[in-house]
Amino acid sequence: MYITLGSSVSVKKRDVIGIFDLDTAPADSQVMEFLKENEKKKNVTVVGDGIPKAFVVTNDGKETRVYITTISASSIKGRNSNEYR
């Protein structure tokens with residue numbers, strides 16, 4: 001099964017490591033350092049236009065990818081609930 005992150009971008013549910021809310025991540029935190037490091041490695045994909053609200057970390061067994069999306073973390077988590085499996 002897949003989770004839609006917006007703008008026709010979907011990821012496999014089994015590849016999702018975590019779904020994180022950007023509003024609760026302080027600008028000087030380890031979260032922001034993680035995002036910067038992955039951006040340097042070109043492992044970040046920005047999904048949609050507008051203000052980013054969440055990011056999703058995936059790993060397919062080969063590489064880690066970070067998707068920054070304008071959809072809220074709670075909406076993405078809702079799409080990942082048991083009712084959609």
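Quick note: structure is the one above.
In every chain, residue numbers begin from 1 and rise along the written sequence. The model is predicted, so local features are restricted to residues of pLDDT at least 70 and side-chain atom pairs to those at 80 or more, both for listing and for counting; the totals for chains, interfaces and linings are taken over all residues. Values reported for side chains reflect all heavy atoms of the structure, with hydrogen atoms and water molecules removed beforehand.

Colleague: Requested: an account of the pattern of salt bridges, with residues and values cited.
Modeller: A side-chain nitrogen of Lys or Arg and a carboxyl oxygen of Asp or Glu constitute a salt bridge if their distance falls within 4 Å. Evaluation of the coordinates by the stated rule reveals 2 salt bridges. A salt bridge links Lys40 to Glu37; the nearest nitrogen and oxygen atoms lie 3.7 Å apart. With Lys40 and Glu37 both in helix α1 (residues 30-40), this residue pair falls 3 residues apart, about one helical turn. Residue exposure (1.4 Å probe, protein chains only): buried if accessible area is under 20% of the type maximum, exposed if over 50%, otherwise partly exposed. Looking at Glu37, the relative accessible area reads 32%, which means it is partly exposed. Counting from the N terminus, the helices are DSSP H or I runs at least four residues long and the strands are E runs at least two residues long.

Colleague: Give a detailed account of the side chain of Asn38, specifying residues and quantitative values.
Modeller: Relative to the helices and strands, Asn38 resides in helix α1. By relative accessible area, which is 6% here, Asn38 ends up buried. At a separation of 3.0 Å, a polar atom in the side chain of Asn38 contacts the main-chain carbonyl oxygen of Phe34. Leaving out residues up to four positions away in the same chain, Asn38 has contacts with Asn43, Val44 and Val66. We define a polar contact as two N or O atoms separated by no more than 3.5 Å, with the added condition that, inside protein, one atom must be a possible hydrogen donor and the other a possible acceptor, whereas residues neighbouring each other in sequence contribute only through side-chain atom pairs. The contact definition used throughout considers only heavy atoms, calling two residues in contact when any of these lie within 4.5 Å.

Colleague: With reference to specific residues and values, describe unusual backbone geometry.
Modeller: Non-glycine residue Ser7 carries a positive phi angle of around 50°. On the accessibility criterion, Ser7 (55% relative accessible area) is exposed. For Ser8, which is not a glycine, the phi torsion comes out positive at approximately 65°. Position of Ser8 relative to the elements: it lies in the loop between β1 (2-6) and β2 (9-12). Here Ser8 falls in the exposed class, since its relative accessible area comes to 78%.

Colleague: Go over the pairing of strand β5 (residues 54-59), please, and point to the residues and values.
Modeller: Summarising burial for β5: 5 of the 6 residues are buried, a large majority. Here 5 bridges tie strand β3 (residues 16-21) to β5, and the two strands are oriented antiparallel to one another. By the bridge assignment for β5, Ile19 is matched with Val56. Being paired, for any two strands, means DSSP has found at least two bridges between them. Direction of pairing for β5 relative to strand β6 (residues 64-69): antiparallel, over a ladder of 6 bridges. What sits directly across from Ala54, in β6, is Thr69. The hairpin turn running from β5 into β6, its antiparallel successor, is 4 residues long, and Gly61 in that turn takes a positive phi close to 95°.

Colleague: So, the sheet that holds β3: which residues are in play, and what are the values?
Modeller: Spatially, the 4 strands line up as an open sheet ordered β3-β5-β6-β4, and their pairing is mixed. Two strands close off the open sheet at either side, each with one partner strand: β3 and β4 (44-47). Going across the sheet, the axis of each strand differs from the next one's by a mean of 20°, ignoring polarity. Contacts between α1 and the sheet are confined to β4, β5 and β6, with β5 contributing the most and set at about 60° to the helix. Orientation is described by lines fitted to C-alpha atoms, with helices fitted over the stretch in contact, and by angles between N-to-C directions that extend from 0 to 180 degrees.

What is shown is where atoms sit, not what they do.
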